[in-house]
Amino acid sequence: MFFYPQLGELGSAAMQLILVVGITAILPSFVKPRRNWHRAVLLGISAVLALRYIWWRATETLAPPGLTLDALASWSLYALEVFTMIGSLSAFLVLSRIKLRSEEADQYANLPTEKEPLVAILIATYNEDRDVLERTIVGAKFLRHRNKMIMVCDDSRRDWLRDFCETKGVRYMRRADNEGQKAGNINHALDRLAEEEVQPDFVAILDADFVPHRGFISRTLALFHDPEVGLVQTPQHFFNSDPIQHNFRLDSSYPDEQRFFFDQMQPARDGWGIAFCCGTSSVCRWSALREIGGFNTESVTEDFMLTLALQNAGWRTVYLAEPLTEGLAPEGLKEYITQRARWCLGLMQIARSSLGPFSKSNLRLRDRWSVIDSIFYWTTTFPFRIAAICYPLLYWYFNITVVNAGLADVLSYFGVYYLWSLMILNMLSRGMVVPLLNDVSQLIGAIPIARAAFTGLLRPHGHPFSVTAKGGDRSKVVVQWRIMMPFLILFFLTLGGLLIGIVWDRFAYYDAGDGKWVILFWTVYNLFLLAATCRACVELPRREIHVADKPERISFVSDGTEYWVWMTSFTMDTVRLRGLTLPEQTRGILTIDLITDPIECYVIAKTRDGARLQLLPTEEQREELFVRFYAEGNEPGVSHVRPSALLHDIYRRFLPKFSSDE
């Protein structure tokens, strides 16, 4: 390790950490995150520090080889760590360049054409409620692109939905069976469109809960100026909080779990030419889709498979990093975990498919690397997260040392690598990588995801398609005991091991040279992580569907008196006003921006700073509200993390007197 003669080993290691903090603190003054060579240098340093750490682990921390429990534990953890680090190195390489296409879209957005292209907008649905579907249908109808056809592809054959589509003036389509799941549903619609006299020029795919912003089609079509582009993918944004955000009440200060991928990883993949389709919120060239025969059904992640099939045929996928759609994030933990386990399973199926990384196909080397990178992510990140919890228990209960290192060395090798990488990733991603909370989001689904990873690799076929449930009653506190139980057991095992160590060997912790300080710190961190994960399994009630981005000044009129008040919370059904003190059942009208006529309403409850009102919109006003909420809004959710706001919300969350919404 680096050593400063005037300091002890521990002081020298601490000095290295201080230097890392100091250097990364001044870097934002002259580093431009959008400059690829800046990114390459910073992430290249992360890669060097990662290799330095792995070399140190191999040469100084492993148990002597042999048929012993110490050797088995030590070498197995190291092997898993090496594979995880390979995935990290691949991620550093991907993130070392970035491609942003907004200027390109501006340049080609208004070029004159002979005729406006015909776009078929396919809304794939299986079991969603009317309220979920209605906002997507209305959003599609109000797109600025005029030459379009909207088709609802119903895989549940619901008569009420057929009748509802007729009232909304959109096409409805069903099929006799569910073969091929979502991919088969879309392929059926594509085949029917191919039989028509006039066929579309482009096809937009929307999940049933994803509402397009009004510029979704016009912005994406601009990137098809390149004749080699077969598909344009846009990011997914969410107008509600995911379970981790919501259960910790961090909706306004902590980003949803997908933000790093859509805001950082996909633009970086586009920089390498390996961005991929993510299902919803994408637009595909009709001729490209017909050339490859539609969506491939070998994988339950038909979207990634579509990109590979297009590339295999010579078509490119590009990424437009603009908030052009917004949808519903999984509201419950079971749905959240099910969705990610399905993604994992689908990637493993792709690995074993006709377009896998070692297949005889026309895929470029970078496309094969793209699949391998994803495989490493799913097969190492989540098993390692479980291992990091379990391996310290071997020391406390069986006296097995899995990492034979002192605290000073760990700080010098692992601490420097971890701190540098954390600071750099946050610099490049506007603070998206939050320690502990990121670990919770990975750990909470680690067991089923790890199971899906290896099940998919060993037995890729014969697995059902698990639909992510949306909507439903979320008005009560629900404890997900089945999800929580493994972490609760591990928490008490970890706590018990720590207490046993303190009682039986209370003075051993002062011997930093034998690694007990490392195990102690590791164990204490695991206790915090497991406690937070168990807390995330307590699902809090949800009342809001969509909340306005910021307070808005509006007019409320009752009995001829006009009140100018602040609207601080705004949903499709209710509105919360600050500064209005009127009794319940008081009726009046609200004048809201972008809504043609005032909306009738009445007071349903008093709050600590005003009142909550029930809205009574007409059918026309209801559609205008949908457009106002979902199609005209700015980027929903949290796009960057401000540490002060995050700490404030955490502080408020764990002090009950500050946690009330009223």
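Quick caveat, the model's predicted, so the values are computed rather than measured.

Here's the deal with unusual backbone geometry
The backbone phi angle of serine 281 is positive, close to 70°, even though this residue is not glycine. By secondary structure assignment, the location of serine 281 is in the loop between α10 (259-272) and β8 (282-285). Residues other than glycine seldom take positive phi values, yet asparagine 399 does so here, at roughly 60°. Structurally, the position occupied by asparagine 399 is in the loop between α14 (365-398) and α15 (407-429). Given the relative accessible area of 57%, asparagine 399 is considered exposed.

Quick notes on the sheet that holds strand β10 (residues 325-327)
Taken together, the three strands give an open sheet; going across it, the order is β5-β10-β7, and neighbouring strands pair in mixed fashion. Every interior strand has two partners, whereas the edge strands, β5 (211-212) and β7 (237-238), have only one.

Quick word on the sheet that holds strand β13 (residues 552-558)
Taken together, six strands build a closed barrel; the order of strands is β13-β14-β15-β18-β17-β16 and the barrel is antiparallel. Ignoring which end each strand starts from, the neighbouring axes of this sheet average 45° apart. With seven bridges connecting them, β13 and strand β14 (residues 561-570) associate as antiparallel partners. Its bridge partner lying in β14, valine 557 is registered against glutamate 562. Along the sheet face, helix α20 (residues 619-631) touches β13, β14, β17 (599-607) and β18 (610-616) and points at about 55° away from the line of β14.

Some remarks on the pattern of salt bridges
Per the stated rule, a full pass over the model turns up 35 salt bridges. Across the pair arginine 158 and aspartate 154 runs a salt bridge, and its minimum N-O distance is 3.0 Å. Arginine 158 gets classed as buried once you look at its relative accessible area, which sits at 12%. A salt bridge links aspartate 373 to arginine 269, with the shortest nitrogen-to-oxygen separation between them at 3.3 Å.

Some thoughts on a nonpolar patch on the surface
On the surface, Tyr397, Phe398, Trp481, Met485, Ile489 and Leu493 cluster together to form a nonpolar patch covering roughly 610 Å² of accessible area. Of all the elements in the fold, those that place two or more residues in the nonpolar patch are α14 and α18 (481-504). Of note, leucine 493 is situated in helix α18. Judged by its relative accessible area of 34%, leucine 493 is partly exposed.

What to know about the environment of lysine 182
By secondary structure assignment, the location of lysine 182 is in helix α7 (residues 181-194). A residue is classified by how much of its surface remains accessible, and lysine 182, at 17% relative accessible area, is buried. Expressed as a C-alpha distance, the spacing of lysine 182 and isoleucine 23, which sit 159 residues apart in the sequence, is 49 Å.

Quick look at helix α1 (residues 9-26)
End to end, α1 covers 26 Å across 18 residues, agreeing with the expected 26 Å (1.5 Å per residue, within 8%). Taken together, the buried positions of α1 are occupied by Ser12, Ala13, Gln16, Leu17, Val20 and Thr24. An end-on view of α1 places all buried positions within 145° of arc, on one side of the element. Exposed residues lying more than 90 degrees from the buried face of α1 are Ile18 and Ala25. Residues of α1 that are buried make contact with α2 (36-60) and α15.

Quick look at the packing of helix α3 (residues 69-95) against α15
The N-to-C vectors of α3 and α15 enclose an angle of 35°; their axes lie 13 Å apart at closest approach. The chirality of how α3 crosses α15 is left-handed. Mapping the contact onto sequence places Met85, Ser88, Phe92 and Leu95 in α3 and Tyr417, Ser421 and Leu425 in α15. Residues that form the contact of α3 with α15 fall into these classes: five nonpolar, two polar and no charged.

Criteria and cut-off values
Residues numbered from 1 in each chain as written. Predicted model: local features only at pLDDT ≥ 70, side-chain atom pairs only at ≥ 80, totals over all residues. Heavy atoms only, no water. Helix = DSSP H or I, 4+ residues; strand = E, 2+ residues; numbered from the N terminus. Buried < 20%, exposed > 50% of the residue type's maximum accessible area, 1.4 Å probe, protein only. Pairing = 2+ DSSP bridges. Axes fitted to C-alpha atoms, helices over the stretch in contact; angles between N-to-C directions. Contact = heavy atoms within 4.5 Å. Salt bridge = Lys/Arg side-chain N within 4 Å of Asp/Glu carboxyl O. Patch = residues over 30% accessible without salt bridge, like charges linked within 9 Å, V, L, I, M, F, W, Y side chains within 5 Å. Areas by Shrake-Rupley, 256 points an atom, 1.4 Å probe, with all protein chains shown as cover. Expected span 1.5 Å × (residues − 1). Arc of directions from axis to C-beta. Left-handed = near helix turned anticlockwise from the far one by under 90°. Nonpolar A, V, L, I, M, F, W, Y, C, P; charged D, E, K, R; others polar.

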